[in-house]
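Listed below, chain by chain, are the residues.
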2 protein chains.
Amino acid sequence: MAKRRPALSRQVLWETGHKYFLPHISIDNVIFGFHENELKVLLLQWKESKRWCLPGGFIYRDEHIEEAAVRVLQSRTGLDNVYLQQFYTFGDPHRDRKKHGISKPKDIKKPSWFMDRFVSVGYWALVEFSKAVPKPDEFSEACAWWDIDKVPQLILDHNQILEKALQSLRLNLNDYPVGKDLLSPKFTMPELQRLYETILNKPLDRRNFQKKILALDILDRLEERKTGGAHKAPFLYRFDQRKYERAMKQGLKFGL
Amino acid sequence: MAKRRPALSRQVLWETGHKYFLPHISIDNVIFGFHENELKVLLLQWKESKRWCLPGGFIYRDEHIEEAAVRVLQSRTGLDNVYLQQFYTFGDPHRDRKKHGISKPKDIKKPSWFMDRFVSVGYWALVEFSKAVPKPDEFSEACAWWDIDKVPQLILDHNQILEKALQSLRLNLNDYPVGKDLLSPKFTMPELQRLYETILNKPLDRRNFQKKILALDILDRLEERKTGGAHKAPFLYRFDQRKYERAMKQGLKFGL
């Protein structure tokens with residue numbers, strides 16, 4: 001749980017934010033969700049330019065950067081206890097608004113630390129889509145889920161940050177059971193396979209996938225079946241918390 | 001090749017370094033070498049306190065953080081064209097000298113940005129031991145290789161940074177053929193196995209190791225054998241550049 005911090009107005013943030021936060025360092029969160037067989041990412045739309053960006057924030061001078069990432073995730077989704085993975089720090093000297101043609105809003109008179117170069121620490125998170133309640137921040141007028149393959153041109157290098165987060169997520173597929181965070185507690189084998197296919201952006205063989213994921217011995221097959229489909233109803237599965245924790249300690253080796 | 005930068009004196013660095021460098025951000029390099037069957041790490045000894053630390057540095061205001069890491073690596077080892085891997089960014093709010101009982105040297109009169117909190121971006125590098133020429137920086141009186149299991153208590157959180165670098169190196173063993181950087185161009189199978197055993201800190205089965213590493217199809221067995229031993233001389237191997245590049249494009253899957 002992140003420490004409660006006083007709300008700072010938009011103007012204070014622009015003009016004197018550097019008194020509260022470390023200058024030149026930001027965090028950017030790539031928040032993934034999964035809904036109706038699509039991998040989604042949570043984006044914010046800026047009030048001034050109407051352009052979209054990743055939800056991000058700054059680091060209070062007495063705050064751990066990880067705590068800042070948790071705080072941003074909480075305020076944008078309302079979710080607690082979500083696994084966050086630091087994946088890369090972006091340090092191009094051209095990471096500043098001026099160099100990307102973004103100007104200060106007219107009502108901000110003083111020079112602003114916002115216009116300086118920022119090094120940004122990237123985190124990704126996997127959230128259960130149905131539980132997240134997207135909420136804009138002080139600078140944005142909208143906060144919404146986008147299909148991963150329909151993401152527009154984002155500000156600064158945010159498209160590259162998103163791409164790098166996806167790469168990191170793919171590399172982590174063998175070590176981290178993403179289904180546990182991204183799916184509802186009960187799910188079918190086709191739903192789980194579709195999640196992996198979406199992240200890897202390639203089709204997987206059905207039998208081979210099922211064999212490998214069951215061999216990890218972290219799933220329980222339930223007695224219930226999914227209802228509502230026209231075809232024979234598929235079995236429902238869920239992650240077995242005890243087996244799952246044991247497997248995580250030993251390290252998963254999925255080998256897709 | 002990093003851009004040439006003017007040398008700044010120790011006093012300028014302490015007193016007005018923040019005019020040249022980004023405040024609150026540093027880099028730390030964990031430089032690994034392998035010699036006489038031991039994994040080594042390059043450390044610096046501070047002039048004032050005689051305590052040891054990782055070689056690190058700051059980021060010029062117009063410099064990419066990666067370029068800063070390359071510059072530090074070059075100045076400490078004399079080596080060019082070394083693969084550097086960013087592995088983690090350390091953002092504990094207690095990362096400052098004051099909180100770790102380190103005081104300003106007496107001859108530095110002004111308040112110094114050095115005493116502030118620093119977020120540090122960690123990189124690891126693998127260098128060929130015999131080619132590196134260790135060289136102290138402005139603040140240190142010695143630069144030396146230490147056996148990985150004999151590293152003393154380092155300043156700040158540098159022991160944790162080293163531990164995290166080792167973890168990252170281990171995770172990368174399946175994807176990156178470390179032998180190419182850490183061994184001489186020609187090596188024996190026992191030497192290569194010993195390198196992996198040292199990094200993983202556990203013994204590996206000889207036959208299994210040889211079978212798996214040869215299955216990657218990136219090594220050439222030479223006609224020569226290693227000379228000088230009392231026993232039957234083992235074959236020499238080398239990395240095949242063409243096969244190696246092809247394998248790296250496809251992604252190695254060693255599966256140790």
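Our structure's up above, just so we're on the same page.
Below or above, wherever it landed, is the structure these notes cover. Model, not experiment: these values are computed from the prediction.

Thresholds, definitions, all that
Residues numbered from 1 in each chain as written. Chains lettered and ligands numbered in written order. Predicted model: local features only at pLDDT ≥ 70, side-chain atom pairs only at ≥ 80, totals over all residues. Heavy atoms only, no water. Phe/Tyr/Trp six-rings, centres within 6.5 Å; stacked < 30°, edge-to-face > 60°. Helix = DSSP H or I, 4+ residues; strand = E, 2+ residues; numbered from the N terminus. Buried < 20%, exposed > 50% of the residue type's maximum accessible area, 1.4 Å probe, protein only. Lys NZ or Arg CZ within 6 Å of the ring centre and 35° of its normal. Contact = heavy atoms within 4.5 Å. Buried area = accessible area lost by both parts, 1.4 Å probe. Salt bridge = Lys/Arg side-chain N within 4 Å of Asp/Glu carboxyl O. Expected span 1.5 Å × (residues − 1).

**Brief notes about the packing of aromatic side chains**
Aromatic rings in a pair are described by how distant their centres are and how their planes are angled relative to each other. For the structure shown, the criterion picks out 36 aromatic pairs over all chains. For the pair W52 of chain A and W146 of chain A, a centre-to-centre distance of 5.1 Å together with 75° between the ring planes defines the contact as edge-to-face. You can see W52 of chain A sitting in strand β3 (residues 52–53) and its partner W146 of chain A sitting in strand β7 (residues 140–147), a full 94 residues away along the chain. Under the relative-accessibility criterion, W146 of chain A is labelled partly exposed at 22%. A cation over an aromatic ring shows up here: R221 of chain A above the ring of F235 of chain A, its NZ or CZ 3.6 Å from the ring centre. Taking the ring centre of Y60 of chain B as reference, the NZ or CZ of R5 of chain B above it sits at 4.3 Å.

**Side note on the interface of chain A and chain B**
In this complex, chain A contributes 22 residues to the contact, which on the side of chain B involves 22 residues. The junction of chain A with chain B conceals about 1,800 Å² of combined surface from both sides, 59% of it contributed by carbon and sulfur atoms. Considering only the side of chain A, the residues that lose the most area to chain B are H24, Q86 and R117 of chain A, jointly responsible for 24% of the buried surface there. If you look at where chain A meets chain B, you find zero salt bridges. Secondary-structure elements contributing two or more residues to the side of chain A that touches chain B are β1 (21–35), β4 (56–60), α2 (65–77), β5 (84–90) and β6 (119–126) of chain A.

**Looking at helix α2 (residues 65–77) of chain B**
All names here are of chain B. For α2, with 13 residues, the first-to-last C-alpha span of 18 Å sits near the 18 Å given by 1.5 Å per residue. Listed in full, the buried residues belonging to α2 are I65, A68, A69, R71, V72, L73, Q74, R76 and T77. Following α2 by one or two positions, G78 has its phi on the positive side, about 75°.

**With respect to the pattern of salt bridges**
In the structure shown here, the tally under the stated rule is 28 salt bridges over all chains. The salt bridge involving R10 of chain A is made with D107 of chain A; its shortest N-O contact spans 3.0 Å. You can see R10 of chain A sitting in helix α1 (residues 10–16) and its partner D107 of chain A sitting in the loop between β5 and β6, a full 97 residues away along the chain. The class of D107 of chain A is partly exposed, set by a relative accessible area of 39%. Among the salt bridges present, the one from K243 of chain B reaches D220 of chain B, with a minimum N-O distance of 3.6 Å. One end of the pair, K243 of chain B, is in helix α7 (residues 241–250); the other, D220 of chain B, is in strand β9 (residues 219–225), with 23 residues separating them in the sequence. It is possible to trace a salt-bridge network through shared partners that takes in R5, D62 and E67 of chain A.

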